[in-house]
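Given next are the chains, with one letter for each unit.
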Amino acid sequence: MPDLLRKPFGRHGKVHDITPANAGWRYVGFALHRLRAGETVAEATGDREVILVMVEGKARIEGAGQDWGELGDRMDVFEKTPPHCLYMPNGSDWQAQATTDCTIAVCSAPGVGGHEARRIGPDGITLTERGKGSNTRYINNIAMEAEDYADSLLVTEVFTPNGHWSSYPSHRHDEDDYPNITYLEETYYHRLNPRDGFGIQRVYTEDGTLDETMAVSDGDVVLVPRGHHPCGAPYGFEMYYLNVMAGPLRKWRFIADPAVQWIMDRDA
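Here we summarise the structure given alongside this text. Since the model is a prediction, treat every value here as computed from it, not as a measurement.

Overview of the overall build of the chain
Inference 1: In terms of helices and strands, the chain carries two helices and 25 strands.
Inference 2: Taken against the 2.2 N^0.38 rule, which gives 18 Å for 268 residues, the C-alpha radius of gyration of the chain at 18 Å falls within 12% of a compact globule.
Inference 3: Expressed as a percentage of its 268 residues, the buried residues of the chain come to 54%.
Inference 4: A fraction of 73% describes how many contacts in the chain between residues 6 or more apart in sequence connect residues 24 or more apart.
Inference 5: Counting every atom, the chain has about 11,200 Å² of accessible surface; 48% of that belongs to carbon and sulfur.
Inference 6: Charged side chains of the chain number 26 positive and 40 negative; the gap between the two group centres comes to 3 Å.

Here's the deal with the side chain of His164
Inference 1: Secondary-structure assignment places His164 in the loop between strand E14 (154–160) and strand E15 (165–166).
Inference 2: Those residues in contact with His164 that sit more than four places away from it in its chain are Gly133, Ser134, Asn135, Thr136, Gly232 and Ala233.

Regarding the pairing of strand E9 (residues 93–98)
Inference 1: Where burial is concerned, the two faces of E9 differ: the one with Trp94, Ala96 and Ala98 is buried and the one with Asp93, Gln95 and Gln97 is not.
Inference 2: Summarising the sheet, strand E4 (residues 40–44) and E9 pair through five bridges and their orientation is antiparallel. Of the residues in E9, the one forming a bridge with Val41 is Ala96.

Describing the sheet that holds strand E20 (residues 199–204)
Inference 1: Read from one edge to the other, the open sheet built from four strands follows the order E15-E23-E20-E21, with strand pairing classed as antiparallel. The two strands at the open ends of the sheet, each matched to only one other strand, are E15 and strand E21 (211–216).
Inference 2: In this sheet, E21 lies alongside E20 in antiparallel orientation, the contact comprising six bridges. Among the inter-strand pairings, Tyr204 is bridged to a residue of E21, identified as Asp211.

Focus: the environment of Gly199
Inference 1: Its location among the elements puts Gly199 in strand E20.
Inference 2: Overall, the relative accessible area of 0% leaves Gly199 in the buried class.
Inference 3: The sequence separation of Gly199 and Gly29 amounts to 170 residues, and the corresponding C-alpha distance is 23 Å.
Inference 4: Setting aside residues up to four positions removed in sequence, Gly199 forms contacts with Leu192, Met214, Ala215, Val216, Gly232, Pro234 and Met239.

A short note on unusual backbone geometry
Inference 1: Note that the residue after Tyr168, namely Pro169, is joined by a cis bond; omega there is 0 degrees.
Inference 2: Following Tyr178, the chain continues into Pro179 via a peptide bond in cis, with omega recorded as 10 degrees.
Inference 3: Mapping Pro179 onto the fold places it in the loop between strand E17 (174–177) and strand E18 (181–183).
Inference 4: Even without being a glycine, Ala64 presents a positive backbone phi close to 55 degrees.
Inference 5: Inspection of the secondary structure assignment puts Ala64 in the loop between strand E6 (59–63) and strand E7 (66–71).
Inference 6: Although it is not a glycine, Ser167 sits at a positive phi angle of roughly 50 degrees.
Inference 7: Mapped onto the elements of the fold, Ser167 is located in the loop between E15 and strand E16 (171–172).

Quick notes on the sheet that holds E7
Hydrogen bonding along the main chain pairs the strands of a sheet, whether they run parallel or antiparallel.
Inference 1: The strand order E4-E9-E6-E7 describes an open sheet built from four strands, whose pairing is antiparallel. For this open sheet the edge positions go to E4 and E7, each flanked by a neighbour on one side alone. Each strand of the sheet is rotated relative to its neighbour by a mean of 15 degrees, with strand direction disregarded.
Inference 2: In this structure, E6 lies alongside E7, joined through four bridges in antiparallel fashion. The partner of Arg60 across the bridge, within E7, is Glu70.

The rules we used
- Residues numbered from 1 in each chain as written.
- Predicted model: local features only at pLDDT ≥ 70, side-chain atom pairs only at ≥ 80, totals over all residues.
- Heavy atoms only, no water.
- Helix = DSSP H or I, 4+ residues; strand = E, 2+ residues; numbered from the N terminus.
- Rg over C-alpha atoms; globule rule 2.2 N^0.38 Å.
- Buried < 20%, exposed > 50% of the residue type's maximum accessible area, 1.4 Å probe, protein only.
- Contact = heavy atoms within 4.5 Å.
- Areas by Shrake-Rupley, 256 points an atom, 1.4 Å probe, with all protein chains shown as cover.
- Lys, Arg positive; Asp, Glu negative; His and termini not counted.
- Charge placed at Lys NZ, Arg CZ, Asp CG, Glu CD.
- Pairing = 2+ DSSP bridges.
- Axes fitted to C-alpha atoms, helices over the stretch in contact; angles between N-to-C directions.

Written out as structure tokens, the structure reads:
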């Protein structure tokens, strides 16, 4: 199995490039560009749809035959303000020129031409509380099932306070058996505040054939090909992650680990 913990290539340029081929799966792609003011990046989507997420900083973006102007207004992801994003369908191209130092995430999945290019956020994205007690976290839904913006992609941001758990109670979405459960591959792009901290993520199956617990640093990506995938932020460090999910059906249905089902039932 390919390594589930992916370290960035560096601190400048294209620092992540996760593809179905190098991830050992079929759907999700994730890339990350860290640009200095004045630098440009240009790509074609090919047979894949893309959601560009301005994680930090600002850039002028052209794509799918349109000039979208300058996007982005949060300079630090932990400002927790809604992100500026763009949806680009398959068969299009895009170009970004950084107007400040910036971080641009490229979330991708198979496209079938079912949706037009569009701006996503910041309008319409509201930071929403989820969970209880030390399982409380805060969500910016970018393009989840309720938002009919894409053919395959599901994208969201999550802010986990220090000392809290997230993607918990443990759940999996690794079988194509709708409406009980859907098959969705997933990536987690992690950030930490302060950035020299660490977080924890475990990816495991109930039968133990997959069981990896990873210390994640600021800028790491974790792959979730199957199984449960909870993560935690140690006391003193808050955690951000950008999730990308995709599979044969654009619906998010999951099953809890039987060991923690009682927590999900109690807190429902």
